[in-house]
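Listed below are the residues making up each chain.
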Amino acid sequence: MATIRLTAAQAMVRWLCRQHVLVDGREVPYFAGVWAIFGHGNVAGLGEALHAARDALPTWRAHNEQGMAHAAIAYAKQMRRQRAMVCTTSIGPGATNMVTAAALAHVNRLPVLLVPGDIYASRRPDPVLQQIEDFGDAQVSANDCFRPVSRYFDRIVRPEQLIDALPKALATMLDPASCGPATLAFCQDVQAEAFDYPEAFFAHRVWHQRRPPADAQELAALTEAIKASQRPLIVAGGGVRYSLAESALGALAEATGIPVAETQAGKGSLPWQHPRALGSIGVTGSAAANAAAQEADLIIGIGTRLQDFTTGSRSLFPDRKLFQVNAQAFDAHKHGAEPVLGDARVVIEALHAQLHNWRVPEDSMLRHRDAVADWNSMVDAVTAGEAGQAMPSDAQVIGAVQRSVSEDVVVVCAAGGLPGELHKLWRTSRPGGYHVEYGYSCMGYEIAGGLGVKMAEPQREVVVLVGDGSYLMMNSELATSVMLDRKLIVVLLDNGGFGCIDRLQRATGGAGFNNLLADARHEVLPDIDFAAHARSLGALSEHVATLGQLADALGRARAADRSYVVVIDADPSRTTEAGGWWWDVAVPEVSDRTEVNAARRAYEAGVRMKRDLS
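Keep in mind that what you see is a predicted model, and the values were worked out from it rather than measured. One numbering rule holds for all chains: residues counted from 1, following each sequence as written. At least 70 in pLDDT is required for a residue's local features to be given in this predicted model, at least 80 for side-chain atom pairs to be given and counted, and no such filter applies to totals for whole chains, interfaces and linings, which use all residues. Only heavy atoms go into the side-chain values, all of them from the structure, while hydrogens and water stay out.

A. Spatial organisation of the overall build of the protein chain. Every helix listed is a DSSP run of H or I at least four residues long, and every strand listed is a run of E at least two residues long, numbered separately from the N terminus. Assigned secondary structure in the protein chain consists of 24 helices and 23 strands. The C-alpha radius of gyration of the protein chain comes to 25 Å, within 12% of the 25 Å expected for a compact globule of 614 residues. In terms of overall dimensions, the protein chain has a C-alpha envelope of 70 × 65 × 55 Å along the principal axes. Relative accessibility under 20% of the residue-type maximum defines a buried residue, over 50% an exposed one, and the middle range a partly exposed one, all with a 1.4 Å probe and only protein chains included. Out of the 614 residues in the protein chain, the part that is buried amounts to 59%. The contact definition used throughout considers only heavy atoms, calling two residues in contact when any of these lie within 4.5 Å. Look at the contacts in the protein chain between residues 6 or more apart in sequence, and 76% of them connect residues 24 or more apart. None of His or the chain ends enter the tally, which takes Lys and Arg as positive and Asp and Glu as negative. Every charge is mapped onto a representative atom, which is NZ of Lys, CZ of Arg, CG of Asp or CD of Glu. In the protein chain, which carries 57 positive and 68 negative side-chain charges, the distance between the mean positions of the two groups comes to 4 Å. Using C-alpha atoms as the atom set, the radius of gyration is obtained and then compared with a globule rule of 2.2 Å times the number of residues to the power 0.38.

B. Representation of the nonpolar core in the model. To qualify as a nonpolar core, a set must consist of buried Ala, Val, Leu, Ile, Met, Phe, Trp, Tyr and Cys residues joined through side-chain atoms within 4.5 Å. If you look at the biggest cluster of nonpolar residues, it comprises 99 residues, and the most contacted ones within it are F31, W35 and L113. Considering each element in turn, this core owes the most residues, eight residues, to helix α1 (residues 8–17). Dropping the residues within four chain positions of it, L113 is found in contact with L16, F31, M85, V86, C87, A169, M173, A182 and L184. V436, I489, Y564 and I568 belong to the second largest nonpolar core, which has 32 residues in total.

C. Region of the structure containing a nonpolar patch on the surface. The grouping of L472, L517, L525 and I528 at the surface amounts to a nonpolar patch, some 310 Å² of accessible area in total. Assignment of secondary structure puts L525 in the loop between α21 (499–507) and α22 (530–536). Patch definition: residues above 30% relative accessible area lacking any salt bridge, with like charges linked at up to 9 Å and the nonpolar side chains Val, Leu, Ile, Met, Phe, Trp and Tyr linked at up to 5 Å. A 1.4 Å probe and the Shrake-Rupley method give the accessible areas. Residues count as covered only by the protein chains that appear here. Put simply, a salt bridge is a Lys or Arg side-chain nitrogen that is within 4 Å of an Asp or Glu carboxyl oxygen.

D. Quick peek at helix α14 (residues 344–354). Here α14 has its buried residues at A344, V347, I348 and L351. Along the axis of α14, the buried residues cluster in a sector spanning 100°; they form a single face. Of the surrounding secondary structure, the elements contacted by the buried residues of α14 are α8 (216–228), α9 (238–242), α10 (246–256), β15 (298–302), β16 (321–326) and β17 (338–341). Starting at the helix axis, one direction is taken to each C-beta atom, and the arc is that of these directions.

E. Up close: the sheet that holds strand β8 (residues 152–156). Any two strands are treated as partners once DSSP identifies two or more bridges connecting them. Strand order in this open sheet of six strands is β5-β4-β6-β7-β9-β8, and the pairing throughout is parallel. Each edge of the open sheet is held by one strand with a lone partner, namely β5 (59–60) and β8. Strand contacts of helix α3 (residues 65–78): β4 (31–36), β6 (84–89) and β7 (112–118), with the helix running at about 170° to β6, the strand carrying the most contacts. Axis lines are fitted through C-alpha atoms, for helices just across the contact stretch, and the angle between N-to-C directions can take any value from 0 to 180 degrees.

F. Broad picture of the packing of aromatic side chains. Geometry of aromatic contacts follows a simple scheme: Phe, Tyr and Trp rings, the Trp one being its six-membered ring, pair when their centres are within 6.5 Å, and the pair is stacked under 30 degrees between planes, edge-to-face over 60, tilted otherwise. One pass over the structure, following the stated rule, counts 11 aromatic pairs. Both rings, one in W582 and one in Y603, keep their centres 6.2 Å apart while their planes meet at 35°; by these two values the pair is tilted. Highlighted residues: W582 in the loop between β23 (564–569) and α24 (594–607) and Y603 in helix α24, separated in sequence by 21 residues. Accessibility expressed as a relative area gives 13% for Y603, which makes it buried.

G. Up close: the pairing of strand β22 (residues 540–544). The pairing of β22 with β23 spans five bridges and is parallel. Paired with S541 across the strands is V565, a residue of β23. We call a crossover right-handed when, viewed with the strands running away from us, the connection from the first strand over the helix to the second turns clockwise. Regarding the hand of the β-α-β motif, the stretch spanning β22, helix α23 (residues 547–559) and β23 is right-handed.

H. Molecular detail of the side chain of K487. Position of K487 relative to the elements: it lies in the loop between α20 (477–483) and β21 (489–494). Nearest to the buried, unbridged K487 among oppositely charged side chains is E461, at 5.4 Å. In the analysis that follows, any N or O atom pair within 3.5 Å is treated as a polar contact, provided that within protein one partner can donate a hydrogen and the other can accept it, and provided that, for residues neighboring in sequence, both atoms belong to side chains. At 2.7 Å, the side chain of K487 and the backbone oxygen of A557 are in polar contact. Only 2.9 Å separates the side chain of K487 from the backbone oxygen of R558, close enough to count as a polar contact. In contact with K487, other than residues within four places in its own chain, are K454, A557, R558, A559, A560, R562 and S563.

I. Here's a closer look at the side chain of T383. Turning to its location among the elements, T383 is positioned in helix α15 (residues 362–383). Given the relative accessible area of 8%, T383 is considered buried. Ignoring anything within four residues of it in the chain, the contact list for T383 reads A395, Q396, G399, A400, R403 and L425.

J. Spotlight on the pattern of salt bridges. Scanning all chains against the criterion turns up 27 salt bridges. With its nearest N and O atoms 2.8 Å apart, the salt bridge here joins R109 to D331. Taken together, the residues span a long stretch of sequence, with R109 in the loop between α5 (99–108) and β7 and D331 in helix α13 (residues 329–332) at a distance of 222 residues. A single burial state applies to R109 and to D331, both of which are buried. A salt bridge links R155 to D118; the nearest nitrogen and oxygen atoms lie 2.8 Å apart. Of the two residues, R155 is situated in strand β8 and D118 in strand β7; the sequence distance between them amounts to 37 residues. The residues R155 and D118 share a single accessibility class, namely buried.

As structure tokens, then:
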């Protein structure tokens with residue numbers, strides 16, 4: 001057997017370069033590149049190997065390990081899990097900085113290969129710099145933090161382990177059911193050790209996306225349930241988009257008349273103008289979609305994990321018959337659903353064939369059409385604003401942004417109040433135009449995520465909406481976007497703190513406390529010049545005072561040659577009241593505040609609506 005002598009780090013990099021997939025019928029490397037912040041634990045081993053392969057496998061430098069992993073995850077999300085990136089760090093704080101991002105990828109079922117440096121397998125210099133010592137278990141390192149937030153985890157303590165570990169990691173990342181982060185904790189001395197690897201290990205390989213069909217009995221049960229229903233509703237989740245099933249779903253909905261509501265991850269499964277599109281569902285849902293869910297006699301989840309915002313904490317459709325189409329059995333059985341295990345597109349196409357000549361009753365379709373028209377009128381009203389208006393609501397800023405950009409834009413957001421407003425109000429016309437991370441609702445994702453989106457689709461305009469609190473948590477990859485010439489337009493809404501959680505605090509009867517800067521303990525309120533800060537990172541920027549000035553600034557931003565930040569002050573107290581649904585946020589049973597006691601009574605009434613199936 002022919003062999004080649006390489007260090008373990010060189011072997012890993014060579015293997016990564018040889019893995020390919022088909023995207024739109026074209027063969028491309030599966031790994032688009034490597035994000036690396038070098039340090040103690042990866043600079044000598046992996047650093048040397050990546051330098052040698054820098055033309056075949058590009059390496060990018062970031063400013064924060066969590067941020068670079070967010071960028072990698074956003075890239076995979078925007079590529080609809082067809083391609084992924086690698087992230088490597090040092091053994092100590094660099095590694096643990098990535099744990100939050102690993103959790104985000106785990107929750108959202110998104111692939112990323114994490115390669116943190118690890119302690120010496122030989123233990124020669126034990127304890128090595130940055131090593132976490134467990135007094136009772138010498139095998140523990142900081143990288144064990146990745147175990148609960150990784151779909152696949154291994155610690156590489158021998159160079160030949162890569163022959164087994166790398167294919168298993170990639171198989172996990174490509175599997176529609178197990179997809180998520182894979183972590184290979186790479187002992188730093190092992191990175192530098194040589195081994196005679198079989199040349200066959202580095203053979204060119206093309207992987208394919210598995211599309212499992214549904215079990216015939218499960219598909220038949222769903223088909224018969226639809227035919228027996230009068231008011232079915234499809235809830236489209238992220239699995240529709242990851243399966244590239246948007247066109248198939250649109251065709252099914254048009255042929256049968258079944259209306260479609262969308263989760264955060266599923267938003268954009270249908271164009272907002274589609275005649276069967278009801279918009280968002282759940283806690284941040286449209287009135288049209290939530291009314292349809294209330295009156296439905298059959299709910300069909302497709303590619304959704306049915307988290308609490310989607311189901312209104314199990315109160316939105318508590319007594320409806322529920323089917324779950326999902327590639328993952330864990331999700332397909334949730335909430336007492338009838339499972340249909342299979343790929344979203346394959347199942348949708350099979351349903352389309354089985355439901356030939358069957359349609360929803362005409363009166364139901366007319367009722368949904370009228371509800372959508374009423375909702376769209378409301379959206380127009382709440383997103384409108386006068387040109388000279390200062391301190392606009394989030395909704396009015398969203399409206400100004402929507403009117404200023406093209407239909408092909410990608411809007412990026414993550415945490416706070418903006419995702420809820422965007423879920424209700426943003427109008428997505430093109431596939432991939434809505435990129436909001438709300439599975440983990442991770443503050444600090446926005447700018448790094450926008451960078452990943454721009455790397456996935458450099459030809460599209462990317463607009464990041466971010467609040468001041470999230471911007472202050474993580475903004476460093478704005479400088480990376482300038483360095484890599486990946487232009488972002490960032491609209492920063494400054495509402496003086498954590499406005500969303502302040503509203504939740506007050507809604508549950510609490511006093512304004514420790515959320516808005518004005519309500520936090522302070523001697524002097526900070527006067528933060530966000531525009532100046534953005535300029536210090538190399539971006540162009542300006543602060544505007546009114547909606548009219550915002551529209552003009554967005555025109556300048558679109559014409560600019562680099563990332564551009566527009567800052568506008570926003571009202572922290574105003575949110576869109578229309579639509580929405582109850583959300584289970586526990587309120588104290590005992591309090592000396594009358595507002596809390598009133599909120600507790602309302603909470604108990606909400607709990608009684610819940611679906612109590614496991």
